[in-house]
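For reference, the chains in residue letters:
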Amino acid sequence: MQTTPKGPLLTGIRGRCPRCGEGKLFRGFLKLASRCDVCGLNYGFADPADGPAFFAMTAMSFPVVGLALWFDAAYAPPWWVHLVTTLPLLIVLCALPLRPLKGWLVCSQYFYKAGEGRLAVTNTSSDVDTGRPQARDPRRQERLSPSKPEGHGAPNHGESAVSANHGDSKRECS
Ligand SMILES: [Zn+2]
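Analysis parameters
Residues numbered from 1 in each chain as written. Predicted model: local features only at pLDDT ≥ 70, side-chain atom pairs only at ≥ 80, totals over all residues. Helix = DSSP H or I, 4+ residues; strand = E, 2+ residues; numbered from the N terminus. Contact = placed C-beta atoms within 7 Å. Buried ≥ 20, exposed ≤ 12 C-beta atoms within 10 Å, placed from the backbone. Axes fitted to C-alpha atoms, helices over the stretch in contact; angles between N-to-C directions. Parallel < 35°, antiparallel > 145°, perpendicular 65-115°, else oblique. Left-handed = near helix turned anticlockwise from the far one by under 90°. Nonpolar A, V, L, I, M, F, W, Y, C, P; charged D, E, K, R; others polar. Expected span 1.5 Å × (residues − 1). Bend = angle between axes of the 7 residues up to and from the residue. Core = buried A, V, L, I, M, F, W, Y, C linked by C-beta atoms within 7 Å. pLDDT = per-residue confidence, 0-100.

This part takes up the overall build of the protein chain. Secondary structure summary: the protein chain contains eight helices and zero strands in total. In sequence order, the secondary structure elements of the protein chain are arranged as α-α-α-α-α-α-α-α. When contacts within the protein chain are restricted to residue pairs at least 6 apart in sequence, those whose partners lie at least 24 apart make up 45%.

Below, the structure written as structure tokens:
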């Protein structure tokens, strides 16, 4: 029986599979496994890109820079002291949260079904039968969007359909 994951945050921080909450998400420190070793979920959908790095840098830069400024103002150390204290601190503090952040983002992708935007093209059979570029047919435009003159010359069918619905709802209202 599958256990239900608690949520993208907890599951991701633990580095577990977003579907079953048990299988390992990572194969290395940051490298994702190809699929879940428990439920077999393919991790091919996962693409957090540089999201983890962005969040880590944004979250860590302020406290570390603040600390460095305080350190410099309070003790006025030579510059190389920063090189061996502040810089390693910044690198470690930025690297440590990368894995939980990446797990969280990948799990969020799965939970909220995030992906690249796709056009929801709904071709009806009549559209296919005419075989004409729909946007160039003025009669069709008139039929689809009677109350929206700016709808003329709309490049794709999706937009015409939207304006047609809009026109319909307008007519119902009045
Ligand atoms: Zn799984």
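Moving on from the coordinates now.
What you tend to see is this: most non-glycine residues have negative phi, and most peptide bonds are trans. Positive phi, close to 45°, is recorded for A76, a residue that is not glycine. Here A76 lies in the loop between helix 2 (51–75) and helix 3 (79–84). The exposure class of A76 is exposed, given the 8 C-beta atoms found within 10 Å.

Moving on, we come to the packing of helix 2 against helix 4 (residues 86–95). At a closest axis distance of 9 Å, the pairing of helix 2 and helix 4 adopts a crossing angle of 160°. By the criterion of interaxial angle, the relationship of helix 2 to helix 4 is roughly antiparallel. Once helix 2 is placed against helix 4, the crossing between them reads as right-handed. Along the contact surface, helix 2 presents A56, M57, M60, V64, A68 and F71, while helix 4 presents T86, L89, L90, L93 and C94.

Each packed pair of helices is defined by two parameters, the angle between the axes and the distance between the axes. Here helix 2 crosses helix 5 (residues 98–111) at 130°, and the two axes come no closer than 9 Å. Accordingly, the angle class assigned to the pair helix 2 and helix 5 is oblique. Relative to helix 5, the crossing made by helix 2 is right-handed. Contacts between helix 2 and helix 5 involve G51, P52, A53, F55 and A56 from the former and L98, L101, K102 and L105 from the latter. In terms of residue class, the contact of helix 2 with helix 5 is made up of seven nonpolar, one polar and one charged.

Between the first and last C-alpha of helix 5 there are 20 Å, a value that for 14 residues agrees with the 20 Å anticipated at 1.5 Å per step. Buried residues of helix 5: L101, K102, G103, W104, L105, V106, C107, Q109 and Y110, and no others. If you follow the buried residues of helix 5, they end up packed against helix 1 (8–13) and helix 2. Positive backbone phi, approximately 50°, marks K113, located one or two places after helix 5.

Taking 1.5 Å of rise per residue, the 25 residues of helix 2 would be expected to cover 36 Å, and the 36 Å separating its terminal C-alpha atoms lies within 8% of that figure. Largest kink in helix 2: about 35°, centred on S61, with the proline P63 one to four residues after it. Just beyond helix 2, the residue with positive phi is A76, at close to 45°.

A separate point is the nonpolar core. C17, L25, C36, A56, L101, W104, L105, V106, C107 and Y110 form the largest nonpolar core, which has 10 residues in total. Apart from the residues lying within four places of it in its own chain, the contact partners of W104 are P8, L9, G12 and I13.

It is worth spelling out the confidence of the model for the protein chain at this point. The pLDDT averaged across the protein chain works out to 74; a share of 63% of its residues lies at or above 70. The secondary-structure element of the protein chain with the lowest mean pLDDT is helix 8 (residues 157–173), recorded at 46, while helix 3 shows the highest, at 90. Considering only residues more than four positions removed or in separate chains, one finds that residues 148–154, a stretch of pLDDT under 50, has 13 contacts.

We now examine the environment of K113. Take K113: it is sitting in the loop between helix 5 and helix 6 (125–130). Considered as a pair, K113 and F45 are 68 residues apart in the sequence and their alpha carbons are 9.1 Å apart.

With that out of the way, let us pick up the environment of F111. In this structure, F111 sits in helix 5. F111 sits 103 residues away from P8 along the chain, and the two C-alpha atoms are 6.6 Å apart. The contact partners of F111, leaving out residues within four places of it in the chain, are P8 and P18.

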